[in-house]
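# Remarks on the overall topology
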Amino acid sequence: MTPFVDLKGKRVILGVTGGIAAYKAAELLRLMVKEGAQVWTVMTKAATEFVTPLTFQALSGNPVRTDMFSPLQEGQIEHIALADLAQVAIVAPATANFIAKLAHGIADDMLTTTLLATKCPIVVCPAMNVNMYNHPATQANLHVLKERGVWVVEPEEGELACGWEGKGRLAELDTIVETARCALSPQDMVGERVVVTAGPTWEALDPVRFISNRSSGKMGFSVARIAKRRGASVTLISGPTALKPPPGVKFLTVESARQMRDAVMEHLEEATVVVKAAAVADYCPLEAKREKIKKESEIWSISLGRTPDILSEVGARKGERILVGFAAETHELISNAREKLERKNLDWIVANDVTYPGAGFGRDTNKVTLLGRGGVVVDLPLMSKDEVAWAIVDKIVESRRCARG
Ligand code: CTP
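Residues numbered from 1 in each chain as written. Predicted model: local features only at pLDDT ≥ 70, side-chain atom pairs only at ≥ 80, totals over all residues. Heavy atoms only, no water.

## Description of the domain arrangement of the protein
Note the following rule: An automatic or database domain assignment supplies the start and end points of every domain. Any pair of residues with heavy atoms lying within 4.5 Å of one another is described as a contacting pair. Take the accessible area each of two parts loses on contact, using a 1.4 Å probe, and add the two losses: that sum is the buried area. Salt bridge, as used here, is a side-chain nitrogen of Lys or Arg placed within 4 Å of a carboxyl oxygen of Asp or Glu.
What the domain assignment reports for the protein is domain 1 (11-184) and domain 2 (193-404). Taking the mean C-alpha position of each, domain 1 and domain 2 sit 39 Å from one another. Contacts between the two partners involve six residues from domain 1, matched on the other side by five residues from domain 2. Between domain 1 and domain 2 the total buried area reaches about 480 Å² when both faces are included, carbon and sulfur atoms providing 53% of it. Among the residues of domain 1 in contact with domain 2, Glu178, Arg181 and Cys182 are the three that bury the most area, contributing 68% of the side total. Where domain 1 packs against domain 2, one counts three salt bridges.

## Points about the packing of helix 9 (residues 173-184) against helix 10 (residues 218-229)
To keep it simple, the criterion reads: For helices, the fitted axis covers only the stretch in contact; all axes are lines through C-alpha atoms, and the angles between them, taken along N-to-C directions, range from 0 to 180 degrees. Here a helix means four or more residues in a row that DSSP labels H or I, a strand means two or more in a row labelled E, and each is numbered from the N terminus. To sort the angles, those under 35 degrees are grouped as roughly parallel, those over 145 as roughly antiparallel, those from 65 to 115 as roughly perpendicular, and the leftovers as oblique. Residues were grouped as follows: Ala, Val, Leu, Ile, Met, Phe, Trp, Tyr, Cys and Pro as nonpolar; Asp, Glu, Lys and Arg as charged; and all remaining residues, including Gly, as polar.
It is at 9 Å that the axes of helix 9 and helix 10 come closest, and there the two elements cross at 55°. Relative to helix 10, helix 9 is oriented oblique. In contact with Glu178, Arg181 and Cys182 of helix 9, helix 10 contributes Arg225, Lys228 and Arg229. Residues belonging to the contact of helix 9 with helix 10 are distributed by class as follows: one nonpolar, no polar and five charged.

## Notes on the side chain of lysine 395
Short version of the rule: Under the rule applied, a polar contact is a pair of N or O atoms within 3.5 Å (in protein, one hydrogen donor and one hydrogen acceptor; residues adjacent in sequence only if both atoms are side-chain atoms).
By the element assignment, lysine 395 lies in helix 14 (residues 385-404). A polar contact is formed between the side chain of lysine 395 and the side chain of glutamate 398, at a distance of 3.0 Å. When neighbours within four sequence positions are excluded, lysine 395 is seen to be in contact with Trp348, Leu370 and Val378.

## Concerning a nonpolar patch on the surface
Applicable threshold: Nonpolar side chains (Val, Leu, Ile, Met, Phe, Trp, Tyr) within 5 Å and like charges within 9 Å form the patches, drawn only from residues with over 30% relative accessible area and no salt bridge. Residue-level accessible areas treat just the shown protein chains as cover; the underlying method is Shrake-Rupley with a 1.4 Å probe.
Together, Tyr283, Trp300, Ile302 and Leu304 make up an exposed nonpolar region whose accessible area comes to about 410 Å². Mapping leucine 304 onto the fold places it in strand 15 (residues 304-306).

## So, the packing of aromatic side chains
Here the distance between the centres and the angle between the planes together describe a pair of aromatic rings. This is how it is decided: Here the aromatic set is Phe, Tyr and Trp, taking the six-membered ring for Trp, and pairing holds for ring centres within 6.5 Å; pairs whose planes are under 30 degrees apart are stacked, those over 60 apart are edge-to-face, and all others are tilted. Buried means the residue's accessible area, taken with a 1.4 Å probe over protein chains only, is under 20% of the maximum for its type, while exposed means over 50%, and partly exposed covers the values in between.
Tallied over the full model, the rule gives three aromatic pairs. Taken together, a centroid distance of 4.0 Å and an interplanar angle of 10° make the contact between tryptophan 202 and phenylalanine 210 stacked. With 5.8 Å between their ring centres and 70° between their planes, phenylalanine 221 and phenylalanine 251 make a pair best called edge-to-face. Taken together, the positions of phenylalanine 221 in helix 10 and phenylalanine 251 in strand 12 (residues 250-253) put the pair 30 residues apart, joining distant regions of the chain. Given the relative accessible area of 2%, phenylalanine 221 is considered buried. The class for phenylalanine 251 is partly exposed, based on a relative accessible area of 30%.

## Side note on the pattern of salt bridges
All chains considered together, the criterion is met by 27 salt bridges. Two residues, glutamate 287 and lysine 289, come together in a salt bridge whose shortest N-O distance is 3.1 Å. Within this structure, Glu35, Glu178, Arg181 and Arg229 form a network of salt bridges that share partners.

Structure (structure tokens):
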């Protein structure tokens with residue numbers, strides 16, 4: 001298994017340049033420290049006009065560098081050493097002036113010098129006035145940086161501090177942190193177009209009632225997040241959940257099994273990988289009433305009919321695609337799951353013992369066994385759903401390598 005990548009234990013440079021969004025960099029730092037990163041902040045002189053170095057020092061527990069020439073204080077690291085030690089560098093906010101300097105290799109302060117000296121991946125998060133952002137000079141500089149492999153986190157549209165409306169707000173902090181994780185991860189899913197399904201389905205009885213199950217959607221959202229983190233382009237088709245879609249993922253919501261089937265079929269042509277983590281209802285009411293059903297008799301029976309088996313339909317049209325299914329079981333885990341693997345024509349099935357303490361519906365952790373063709377069995381310990389997703393993506397990468405020979 002390739003090592004799971006998040007920010008835990010990672011050595012990070014946080015570059016802060018002089019824009020009004022500099023105050024948001026403090027919260028960004030806090031998020032990274034919370035995940036276990038070690039962060040060294042480097043500020044431009046202009047940035048110190050907006051927020052004091054002390055804020056970043058207190059939040060990171062590390063001294064903050066602002067100046068090339070002041071003598072090193074206790075615990076400070078010389079800029080080349082810092083450049084060598086960092087595993088990822090994030091500049092947030094990045095002003096137009098800083099972007100121009102980075103694009104042209106100008107090294108006239110501590111931050112630009114450090115970034116010119118480092119070999120680690122760089123994540124640049126522009127934030128500025130919309131006209132400065134759209135200016136051909138800024139766009140050309142960003143183009144140069146992207147061509148050079150710098151990760152650029154596009155700013156968002158909205159109300160800007162300068163009074164203008166438009167593109168220029170610093171991206172959401174979650175998006176910036178996730179981009180840093182991407183920059184640290186193997187990009188072994190580049191070129192794959194992954195369709196993931198997640199969550200429960202709602203099968204309507206009338207306008208206010210439905211039949212559903214306990215799925216939270218977390219497992220499927222993790223698969224979407226990790227496939228994207230490793231470079232895939234991802235479409236996440238989800239039943240109703242309370243979760244926020246992972247950054248950079250195309251997100252479609254559906255309600256019923258029928259709607260989920262139609263959405264999957266619509267995206268099947270372009271997909272190279274399909275992962276069906278959704279807990280699709282196997283039965284739905286034969287008829288959904290147009291009006292609310294009134295209570296009458298003591299006992300009420302409803303007739304249910306089968307829903308389309310989406311995974312079997314995808315399996316029948318598999319082609320070169322890699323197909324991964326899930327089997328949530330309460331007994332005979334391995335034999336039930338293997339039977340589904342064969343019957344639905346899958347490459348992998350994720351066998352999930354939902355009775356295991358700490359595993360299954362609604363939890364942040366899961367305990368699964370991955371079953372592959374030809375009798376392959378990979379028994380995984382209890383781990384976070386993101387780590388389970390990482391192991392699944394490993395197997396997809398492995399299957400693709402085998403298929404290519
Ligand atoms: N699945 C699907 N469409 C359905 C039902 C299930 O695509 N109508 C998919 C699920 O997303 C999952 C896999 O099939 O990836 C296994 O689902 P499960 O309900 O456990 O399997 P079934 O084949 O329905 O078997 P059983 O209910 O008898 O356990």
